Amino acid sequence: MLILSRKVDEKIKIGTDITITLIGISGDQVKIGVEAPKNVKVFRQEVFDDIQRQNEAAAAAAVAPSLDVLSKLFGKK
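Draft legend 1. Representation of the overall build of the protein within the structure. Per the secondary structure count, the protein includes one helix and three strands. Each helix (α) and strand (β) of the protein, taken in turn from the N terminus, gives the series β-β-β-α. Burial status across the protein gives 8% buried among its 77 residues. When the accessible surface of the protein is split by element, carbon and sulfur atoms take 58% of a total near 7,000 Å².

Written out as C-alpha cells, the structure is:
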C-alpha cells in the first residue's frame, strides 16, 4: 500500500486518466474528489462489498433452478 500525505486542493494521479483531489478535512472526515473516465466505476468500499454479495447471491439462485431442470431432462432426482 502506498501512503501519501496531501494538503487541501492537492492531487494524486493514478495512471493518466484518474485524479484524486483532497477537497477538505473536517474533524475525522476527509472529503475527496475522484475524476475518472465514465467507464471506470468508483465505489465506496462498503457499497462495493454489498454489490459483490448481491451478485454472488443472484448467481447462486440462478444456478439452483438450472440444476433442477437438468435433473428433470436426464430423469435423475
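Read on, since the account is not over.
Draft legend 2. Geometry of unusual backbone geometry. Located in the positive-phi region is Asp9, a residue other than glycine, with phi close to 75°. Looking at where Asp9 falls in the secondary structure, it is placed in the segment before strand S1 (11–14). The class for Asp9 is exposed, based on a relative accessible area of 58%.

Draft legend 3. Layout of the sheet that holds S1. With antiparallel pairing, the three strands of this open sheet are ordered in space as S1-S2-S3. Each having just a single partner strand, S1 and strand S3 (29–35) make up the two edges of the open sheet. Neighbour-to-neighbour, the strand axes of this sheet turn through a mean angle of 25°, independent of strand direction. The pairing of strand S2 (residues 18–26) with S3 spans seven bridges and is classified as antiparallel. The residue bridging Ile25 from the neighbouring strand is Val30, located in S3.

Draft legend 4. Examining the pairing of S1 more closely. Pairing geometry for S1 and S2, over four bridges, is antiparallel. Looking at the pairing, Lys11 lines up with Thr21 of S2. Connecting S1 to the next strand, S2, in antiparallel fashion are three residues, including Gly15 with a positive phi near 65°.

Draft legend 5. Region of the structure containing the packing of aromatic side chains. Enumeration according to the criterion identifies one aromatic pair in this entry. Considering the side-chain rings of Phe43 and Phe48, the 6.4 Å spacing of their centres and the 45° angle between planes classify their relative orientation as tilted.

Conventions used here
- Residues numbered from 1 in each chain as written.
- Predicted model: local features only at pLDDT ≥ 70, side-chain atom pairs only at ≥ 80, totals over all residues.
- Heavy atoms only, no water.
- Helix = DSSP H or I, 4+ residues; strand = E, 2+ residues; numbered from the N terminus.
- Buried < 20%, exposed > 50% of the residue type's maximum accessible area, 1.4 Å probe, protein only.
- Areas by Shrake-Rupley, 256 points an atom, 1.4 Å probe, with all protein chains shown as cover.
- Pairing = 2+ DSSP bridges.
- Axes fitted to C-alpha atoms, helices over the stretch in contact; angles between N-to-C directions.
- Phe/Tyr/Trp six-rings, centres within 6.5 Å; stacked < 30°, edge-to-face > 60°.

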